[in-house]
Amino acid sequence: MYALIRSLLFRLEAEQAHAVAMLGARVLAACAVPLLRRLLPVRHPALEQRRLGLLFPGPVGLAAGLDKDARAWPLWEALGFGFCEIGSVSARPCAGNPRPRLFRLPADQALVNRLGLPSDGAMAVAARLQGPRRVPLGINVAKTHDPALCGLAAIEDFCHSYRCLAPRADYVTLNVSCPNTPDGRTFEEPAALEALLSGLAPARREAPVPLLLKLSPPAGPPDLGHLAELLAVARAFDVAGLVIANTTPARDGLRTPAEQVRRLGPGGLSGPPLAARAEALLRAAYRLSDGRLTLIGVGGIDSAEAAYRRLRAGASLLQLYTALVYHGPGLVRSIHRGLLALVRRDGLDHVAQAVGLDA
Ligand SMILES: Cc1cc2nc3c(=O)[nH]c(=O)nc-3n(C[C@H](O)[C@H](O)[C@H](O)COP(=O)(O)O)c2cc1C
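Peer 1: Would you take a moment to explain the site of the ligand for this structure?
Peer 2: Residues in contact with the ligand amount to 26 residues; listed here are only the nearest, Ala64, Lys68, Ser88, Gly300 and Thr322. Side-chain polar atom of Asn140 to an oxygen atom of the ligand: 2.9 Å apart, as the coordinates give it. In the environment of the ligand, an oxygen atom lies 2.8 Å from a nitrogen or oxygen atom belonging to the side chain of Lys214. If the ligand stood free it would expose 600 Å²; the protein chains cover 98% of that surface. Of all elements in the fold, only strand E4 (83–89) and strand E6 (110–113) reach the threshold of two or more residues within the shell around the ligand. Grouping the constituent residues of the shell around the ligand by class yields 11 nonpolar, 13 polar and 2 charged.

Peer 1: Hey, could you run me through the environment of His160 in this one?
Peer 2: Summarising the element assignment, His160 is placed in helix H6 (residues 151–165). With relative accessibility at 35%, the residue His160 sits in the partly exposed group. Considering only alpha carbons, one finds His160 and Leu293, 133 residues apart in sequence, at a separation of 26 Å. Once you skip the residues sitting within four places of it in the chain, His160 turns out to touch Ala91 and Met123.

Quick notes on the rules
Residues numbered from 1 in each chain as written. Predicted model: local features only at pLDDT ≥ 70, side-chain atom pairs only at ≥ 80, totals over all residues. Heavy atoms only, no water. Near = heavy atom within 4 Å. Polar contact = N/O pair within 3.5 Å; in protein donor to acceptor, adjacent residues only side chain to side chain. Areas by Shrake-Rupley, 256 points an atom, 1.4 Å probe, with all protein chains shown as cover. Helix = DSSP H or I, 4+ residues; strand = E, 2+ residues; numbered from the N terminus. Nonpolar A, V, L, I, M, F, W, Y, C, P; charged D, E, K, R; others polar. Buried < 20%, exposed > 50% of the residue type's maximum accessible area, 1.4 Å probe, protein only. Contact = heavy atoms within 4.5 Å.

Take it as geometry only, folks, not as evidence of what the structure does.
Structure, rendered in C-alpha cells:
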C-alpha cells in the first residue's frame, strides 16, 4: 500500500510531497485517530519503559522536524509511536531558507535539507497543543533563524520559547545543534551551553519538565574530551538526557553520484549514511555518562535490526524521520514487533535489558 503512495509522492518535489503527506496526516488526525489506535500500535509490557519520570509505551518515537508546527500531533500516537517530538519551534515565526531546500537521495534512502528552521513561532504552536496526551510529547525548541540574534538575545529567545511551550510538554529538547544556520552550532560549545542553561534556569523553575539536548554527529571519531566537558555542564544544570544525533553536513560514503550530490548544495544529511556517526557518539555518551542520562538514539534507523543495534549501543529510546519517507508509517509497527522478537531471541525479557549491552 505504501509503495503506491510513495511512488505518487516521489513524483512531486520533496517539500511538496511533505506538504501533501502532512495534509493527509492532518485529515487522519481529525477523523481517524480512534480507528487507527485500535489497529496499529503494538502494546506489550516488554516494550514499556519508565524514563524521564514518564511512561513510554514503546521505544520508537517521531523525530523532530516532521511535524514542526504540531499540526497533526494527535496522529503520531495512533500510528504506534511510543512518543513524539514536535518542532523545532522558534520563539518568533520564521519562513526559513528559500526553496528548494529539501532533497531526496533514493540510492542512499537519505534526505538532504536546509530548511533553515521554518516555524509558526512558539505562541502559535502552544495554542495548538490542547487536549489529552496518550504518549509523552516532547517539544524541540531552537533559536529563531536570524543570524543577528546572538549572545544574550539568543538566550532570551530560547527562554521565550521555553516559557510558552514547557507548560504543554512532557519534556523539552533544546536543539543546540542545527546545522542549517551559520550560527546554529554555537551552543554546543561548553561555555556557550553553560551560559544558555544558566540563562534558562529561572524559566525552568517556573515550569519544571525534563530537559534534553540535541547534539550534532561528529565529523570523525567522537572528541571524548569535548563530550566530557559538555556532559559536565549538562550534569551541573540537571539535564535529563541527550538526543543523538542531528543531521550531518558530511557527504562521504554515499552511493548517489558525487556530482549529483554536489549540485544539491549545502544542508544536513539524514538517513542510513548518518547511522555510523550517530551510533559512535551515542556509544561514547553512554560510556561517559555511566548510564545516568536518558539517551535517545536517532539517525538512519530504518529496521528492527537497526533499532535493536542502537538500543544495544546505549539508547533507551529511539526516533525516526527519514525512514518514514522511504518505508511509510507501517515501519513503526514492524520495528516494535521486530524488537520483541530480537529481545526474545537473545533471551531477554524486556527492551530495557538490551540498553548498552554493546556500548
Ligand atoms: C527535513 C528534515 C527536517 C528536520 N528538522 C529538524 C528540526 O527542526 N529540529 C531538529 O532537532 N531536527 C530536525 N531534523 C533532524 C531529525 O530530527 C533527525 O535528527 C535526523 O533526521 C536523523 O534521523 P533520521 O535519519 O531518522 O532522519 C530534521 C530532519 C529532516 C530530514
